[in-house]
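For reference, the chains in residue letters:
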Amino acid sequence: MTAAGSRTSRVGLLLALAGVLGAPAHAGPSLAGAPHWVAAWAAAPLRAPMIANPVLRVPPRNPEVDGRTLRMVVRLDASGARLRLHLDNRYGDRPLHLGAVTVARPAAGAPLAVVSSSLASVAFAGAREVTIPAGGAIDSDPLAMRVRAGEAIAVSLFVPAAAVASTWHPDARYGQALSAVGDFSQVARIPHPTIAPGSDWLTRVDVQAPGATGAIVTLGDSITNGFRASPGGSYPERLAGRLRAARCGQAVVNAGIDGNQVAAARGDFSQGASMVSRLASDVLDVPGARYLMLLGGINDIGEPTMAARATGQPLPEARALAAPVVAGLERIARSAHQCGLRVYGATLPPFGGTDRAYSEQGEAARKTVNAWIRTRAPFDAVIDFDAVLRDPAQPSRLRPSLESGDHIHPNDAGYRAMAQSVPLALFGCSAGTPAAAVRRPFSSSGVRP
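Report follows, based on the coordinates. (Residues numbered from 1 in each chain as written. Predicted model: local features only at pLDDT ≥ 70, side-chain atom pairs only at ≥ 80, totals over all residues. Heavy atoms only, no water.)

1. Digging into the nonpolar core
L292, F379 and F427 are the most contacted members of the largest nonpolar core, which totals 75 residues. It is helix α6 (residues 318-338) that contributes the most residues to this core, nine residues altogether. When sequence neighbours within four positions are dropped, the list of residues in contact with F427 reads I216, L239, L243, C248, Q250, Y291, M293, Y344 and V422. A78, L87, L98 and V205 belong to the second largest nonpolar core, which has 39 residues in total. (Core = buried A, V, L, I, M, F, W, Y, C linked by side-chain atoms within 4.5 Å. Buried < 20%, exposed > 50% of the residue type's maximum accessible area, 1.4 Å probe, protein only. Helix = DSSP H or I, 4+ residues; strand = E, 2+ residues; numbered from the N terminus. Contact = heavy atoms within 4.5 Å.)

In structure tokens form, the structure reads like this:
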């Protein structure tokens with residue numbers, strides 16, 4: 001079943017009016033005995049090239065791929081006997097032709113090298129080559145390869161002609177190998193590769209998993225993406241580790257984008273489509289999605305403030321900053337509920353002291369948004385990341401022991417604290433449930449239980 005088909009099968013389904021615990025309503029396989037596909041890894045793409053603006057004066061650039069091979073290593077968070085790749089050209093203005101695609105197991109102790117005997121060619125409708133139309137996406141044929149949650153795979157793409165990856169996910173923590181000219185998709189080690197940050201065109205890996213396995217999609221900005229964390233140290237990655245340790249069969253996939261906004265009502269600063277705009281592709285279309293964890297809004301507050309300072313304009317008022325965030329978060333929650341997902345919203349952590357982004361008006365807007373999240377938002381539960389991360393002596397700032405130095409992003413200890421604060425009971429697990437982190441659960445209708 002294609003990703004679009006899986007979304008259609010869920011549209012119109014509502015969550016059962018049960019309490020916050022237990023499995024949410026979801027469509028499951030469309031036919032009895034049909035394969036149950038679950039997203040085991042994902043990366044939310046944005047458009048390249050990114051356009052310079054008052055907030056992002058020197059955007060990151062993506063190198064051309066002119067007849068070369070890309071290799072990415074991704075860690076899967078679901079177990080199964082077959083997998084498939086989802087390749088995305090949604091922002092491309094021309095078709096993308098791939099001459100070869102392979103999957104392999106990474107070699108121990110050798111970054112971006114693979115075990116030769118594990119190399120397997122990936123097919124698309126039975127063919128080894130594939131052309132993805134401009135604006136399109138494709139799922140590969142299923143590939144027989146047994147994987148376990150927590151294991152990594154290496155994906156290689158040979159691009160025969162000159163191309164720029166207009167659909168990419170920049171992430172400074174992870175690099176992809178870019179070869180010299182030629183097809184290196186079948187070699188164990190790419191000789192003398194260039195390392196480029198992020199991933200090109202590969203936006204998801206699905207695993208055919210047991211029917212009880214579902215996906216938790218974490219939608220957000222750089223705090224969700226793990227900016228300034230060590231590899232493996234983002235809060236979604238640490239939450240996934242907790243779930244695996246508790247033997248809870250739920251995969252966690254990361255749909256965070258650095259600098260991303262919920263609504264971008266006061267300007268698009270090239271940091272990816274807004275969360276409202278990309279909800280369908282990055283959440284609702286995800287196979288096996290049962291839960292949405294939603295953290296966003298601080299960039300809708302901080303980025304317009306930065307733009308106003310850079311252009312000599314008056315700083316935006318609190319009400320003008322908060323209102324679009326509230327409306328956007330509510331729209332996301334309602335749409336996800338209509339598609340059968342349980343939605344867990346998170347409060348916005350402090351950002352006092354952040355260079356150019358912080359203002360008194362912005363802090364008032366953050367407090368307004370958080371008050372709405374805690375008391376009125378149509379979420380099934382609220383995770384109070386603000387309470388977890390704030391400095392008791394200065395509540396507008398992050399706790400010094402939990403922040404990375406830029407006053408807005410946590411450090412590894414902060415991301416760990418975020419993940420530890422999420423009760424596993426929200427996903428039907430019995431282990432590790434710090435209930436104090438949850439504020440006022442809603443039923444799926446938005447009515448207090």
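2. Comments concerning the sheet that holds strand β14 (residues 167-169)
Pairing is antiparallel in the open sheet, where three strands are placed in the order β2-β14-β17. Two strands bound the open sheet, and with one partner strand each, they are β2 (46-47) and β17 (199-200). In the sheet, β2 pairs with β14 via two bridges, with the strands oriented antiparallel. Across the sheet, the residue bridging to L46 is W168, located in β14. (Pairing = 2+ DSSP bridges.)

3. With respect to the pattern of salt bridges
A full pass over the atoms with the stated rule returns 21 salt bridges. Between D88 and R90 there is a salt bridge, and its shortest N-O distance comes to 2.8 Å. R90 gets classed as partly exposed once you look at its relative accessible area, which sits at 22%. Several salt bridges share partner residues, and in doing so they unite E363, R366, R374, D384, D386 and R390 into one network. (Salt bridge = Lys/Arg side-chain N within 4 Å of Asp/Glu carboxyl O.)

Geometric descriptors of this kind do not, in isolation, establish any biological role.
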